[in-house]
Amino acid sequence: MWPTNSREIIQISLEKDCFGCSSGERLVLRRDGLASLTSTGKARHQTEDVSRHGSVSEADFDALVRLTLAQGFLAMQAVYEDPQIRDGAWAVISIEWRGGATRQVFRRESQGPEAFNVIESAMQAARARIDFR
């Protein structure tokens, strides 16, 4: 069911948004080197979707996947949130492996394990090294 090694993972993504934000963001990194960064617009803020593309190095992708697995991503709960908070900032990290299976972890505000923050920070660092156009 779960991937047995990091080479089976073909995609990792991070999506972030909040109710009051003028736009959200989705970062998708693929094993084949494709990277996309989409700013998701919101009609109430009069913003539009904007997509940019770049390339992620094989070394960056592999390091990120190994870190994600080492941080126990597959053992995390699917959802971390305080049921009293419904409109705070949220983030979703997803991985996809060969065969089309996926695993995602959702968190609202600062809920969830520190490992989620470690993975999110590593994804943001990888994003900073990509020239999106």
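Scoring rules and cut-offs
- Residues numbered from 1 in each chain as written.
- Predicted model: local features only at pLDDT ≥ 70, side-chain atom pairs only at ≥ 80, totals over all residues.
- Heavy atoms only, no water.
- Salt bridge = Lys/Arg side-chain N within 4 Å of Asp/Glu carboxyl O.
- Helix = DSSP H or I, 4+ residues; strand = E, 2+ residues; numbered from the N terminus.
- Buried < 20%, exposed > 50% of the residue type's maximum accessible area, 1.4 Å probe, protein only.
- Contact = heavy atoms within 4.5 Å.
- Core = buried A, V, L, I, M, F, W, Y, C linked by side-chain atoms within 4.5 Å.
- Pairing = 2+ DSSP bridges.
- Axes fitted to C-alpha atoms, helices over the stretch in contact; angles between N-to-C directions.
- Parallel < 35°, antiparallel > 145°, perpendicular 65-115°, else oblique.
- Expected span 1.5 Å × (residues − 1).
- Arc of directions from axis to C-beta.

Undergrad: Explain the pattern of salt bridges to me, please; I cannot follow it from the model alone.
TA: For side chains bearing opposite charge, pairing can occur when the charged atoms are close. For the coordinates displayed, the defined rule picks out 11 salt bridges. Measuring nitrogen to oxygen at the nearest pair gives 3.2 Å for the salt bridge that ties E81 to R108. A residue pair is termed long-range when its members are at least 10 positions apart, and E81 in the loop between β5 (79-80) and β6 (90-97) and R108 in strand β7 (residues 101-108) qualify at 27 residues. Judged by its relative accessible area of 26%, E81 falls in the partly exposed class. The salt bridge involving D131 is made with R133; its shortest N-O contact spans 2.5 Å. By relative accessible area, D131 is classed as partly exposed at 47%.

Undergrad: Explain the side chain of D17 to me, please; I cannot follow it from the model alone.
TA: In this structure, D17 sits in strand β1 (residues 9-17). Every residue in contact with D17, bar those within four places of it in the chain, is listed here: S23, G24, T40, K42, G88, A89 and W90.

Undergrad: Just checking my understanding: could you explain the nonpolar core for this structure?
TA: Nonpolar side chains tend to gather and get buried jointly when the protein is soluble and globular. Grouped together as the largest cluster of nonpolar side chains are 27 residues, with contacts concentrated most on L29, F73 and M123. At the level of secondary structure, the elements contributing two or more residues to this core comprise β1, β2 (23-30), β3 (34-41), α1 (58-70), β6 and α2 (114-128). If sequence neighbours within four positions are ignored, L29 has contacts with I10, Q11, I12, L34, A35, V56, F61, L64, A126 and I130.

Undergrad: Looking at this structure, I do not really get the pairing of β1. What am I missing?
TA: Successive side chains on a regular strand alternate, one facing one side of the sheet and the next facing the other. Buried residues dominate β1, accounting for 7 of its 9 residues. Sheet topology note: the β1/β6 ladder contains 8 bridges and is antiparallel. Residue pairing across strands places S13 opposite S94, the latter belonging to β6. Taken together, the 6 bridges between β1 and β2 define a ladder with antiparallel strand orientation. In the sheet register, K16 faces β2, and the bridge partner there is E25. Here β1 folds back onto β2, and the loop between the two strands holds 5 residues.

Undergrad: Any chance you could explain the packing of α1 against α2 here in plain terms?
TA: Axes are the key here: two packed helices are described by the angle between their axes and the distance separating the axes. In contact at an axis separation of 9 Å, α1 and α2 are set at 175° when each is read in the N-to-C sense. Considering the angle they form, α1 stands roughly antiparallel to α2. Note on element contacts: α2 touches α1 through V118, I119, A122 and M123, opposite L64, L67 and T68.

Undergrad: How do you make sense of α2 when you look at a structure like this?
TA: The periodicity of an α-helix, 3.6 residues per turn, causes residues three or four places apart in sequence to face the same way. Under the 1.5 Å per step criterion, the end-to-end length of α2 is 21 Å for 15 residues, consistent within 8% with the ideal 21 Å. All of the buried residues in α2 are A115, F116, I119, E120, M123 and A126. Down the axis, α2 shows its buried residues gathered within 135° of arc, on one side only. Turned more than 90 degrees off the buried face of α2, the exposed positions are E114 and A128. As for α2, its buried residues are in contact with β1, β2, α1, β6 and β7.

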